[in-house]
Amino acid sequence: MLSSGDDMMLMLNSEPRMIANFDTLIYMERLNRISFALLNTSHPGNIGAAARAMKVMGMSDLRLMTPTDYPSAEATARASGADDVLYHATVVDDVDQAIADSTLVMGTSARTRGMDIPVIGMREAAELLMKHTVNGRASLLFGKERYGMTNEEMQRCHYLVNFPANPEYSSLNLASAVQLAAYELRMQCLLTQDSVPIEEEGVPFATMDKMDSFYQHLFGVLERVEFMKGENSKSLEEKFRMMFNRLRIERHEMDILRGMLSAINKQLSKDWLNKFFN
């Protein structure tokens, strides 16, 4: 008699032969241009199960933001052979560090909380992510088990992703969500491996690290001209982040924006000096 685990292995091993032959270096590299970031995970077992889910689907870039209990014997036990994914997981202090090298960020969430962020299904998300990995890196974020992603974390996302679950009972375990996402990404990669050449030219978007530096520069200038001050500052920061996320700034456009802000800062300093000495 087969256990539930044996049933799952049998199902995976009975995939068509093209899937068994899929693991060529070039397409494995594309899958690993997508990082899975678990944010504030409280249960170490979910971390281990997520690592296992990723490895089964050929993915390995796991990032952990302030996990409650890690490293952990329970995480290792639940990884069930995916110890290498656990061992190489990157632990970071905040969401900006988790997504710094990405040029496309998506967050899994059943709720938008009134934010103006596009919401798509996981299958569409997988298609967009795999197209993006031809030339760029991407991140998929998973919020804390009890309440999901925070508003601040959502503001870093270009898209929010949901799963078409039963509306009467839509609560999905964290590790299960990771498994579903990894499966959809692998299947999308299989479907497109013959139609999307790896050398295809892509749009050179600014990384999230560059975007964060730009925001600090922008907010600093706006504070100097007293456009952002007092109680409205936080709300304006959120709106600017979501606005520029929708625009998807390219690297050369970022250079223009940073140059503009530097010129404004320079002129402000000149005006201050002229006022001070005259």
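Note that residues are indexed from 1 along each chain, following the sequence as it is written. pLDDT decides what is reported in this predicted model: residues at 70 or higher carry local features, side-chain atom pairs at 80 or more are listed and counted, and totals for whole chains, interfaces and linings draw on all residues regardless. Excluded from the side-chain calculation are hydrogens and water; included are all heavy atoms of the structure.

### With respect to the packing of helix α4 (residues 44-56) against helix α10 (residues 174-192)
Consideration 1: For helices, the fitted axis covers only the stretch in contact; all axes are lines through C-alpha atoms, and the angles between them, taken along N-to-C directions, range from 0 to 180 degrees. Where helices and strands are cited, they refer to DSSP runs of H or I of at least four residues and of E of at least two residues respectively, numbered from the N terminus. Taken N-terminus to C-terminus, the directions of α4 and α10 make an angle of 15°; their axes are 8 Å apart at the nearest point. On the basis of the axis angle, α4 is roughly parallel to α10. Relative to α10, the crossing made by α4 is right-handed. Counting all contacts with α4, which are made through N46, A49, A50, A53 and M54, the residues of α10 involved are L174, A175, V178, Q179 and A182.
Consideration 2: Considering only residue class, the contact of α4 with α10 consists of eight nonpolar, two polar and no charged. Comment on the angle field: the value is read as roughly parallel under 35 degrees, roughly antiparallel over 145, roughly perpendicular from 65 to 115, and oblique elsewhere. The crossing is said to be left-handed when, going from far helix to near helix, the turn is anticlockwise and less than a right angle, and right-handed when the turn is clockwise. Should any heavy atoms of two residues lie within 4.5 Å, those residues are considered in contact. Note on residue categories: nonpolar means Ala, Val, Leu, Ile, Met, Phe, Trp, Tyr, Cys or Pro, charged means Asp, Glu, Lys or Arg, and polar means any other residue, Gly included.

### Overview of empty space enclosed by the protein
Consideration 1: A pocket, in this scheme, is an open set of points on a 1 Å grid over the protein atoms alone with protein on both sides within 12 Å along at least 5 of 7 lines, while a cavity is a set where a 1.4 Å probe fits but cannot get out; residues line either one if an atom lies within 4 Å of a point. Grid points are joined across faces, edges and corners, and a volume is the space filled by probe spheres set on the points. Applying the stated rule across the entire model yields one cavity of 30 Å³ or more.
Consideration 2: In this structure, the largest cavity occupies an estimated 60 Å³ of space.
Consideration 3: Residue lining of the largest cavity: T103, H158, F205, A206, M211, F244, N245, R248 and I249, and that is the complete set.
Consideration 4: Along the lines of polarity and charge, the residues of the lining of the largest cavity split into five nonpolar, three polar and one charged.

### Describing the pattern of salt bridges
Consideration 1: Should a side-chain nitrogen of Lys or Arg be within 4 Å of a carboxyl oxygen of Asp or Glu, the pair is scored as a salt bridge. Evaluated as defined, the whole model comprises 12 salt bridges.
Consideration 2: Across the pair R137 and D101 runs a salt bridge, and its minimum N-O distance is 3.3 Å. With R137 in the loop between α8 (122-132) and β6 (138-142) and D101 in the loop between α7 (95-98) and β4 (104-108), this residue pair connects regions lying 36 residues apart in the sequence.
Consideration 3: Burial status follows relative accessibility: with a 1.4 Å probe on protein chains alone, a residue under 20% of its type maximum counts as buried, one over 50% as exposed, and anything between as partly exposed. The exposure class assigned to R137 is partly exposed, which follows from its relative accessible area of 22%.
Consideration 4: Residues participating in the shared-partner salt-bridge network are D61, R63, D101 and R137.

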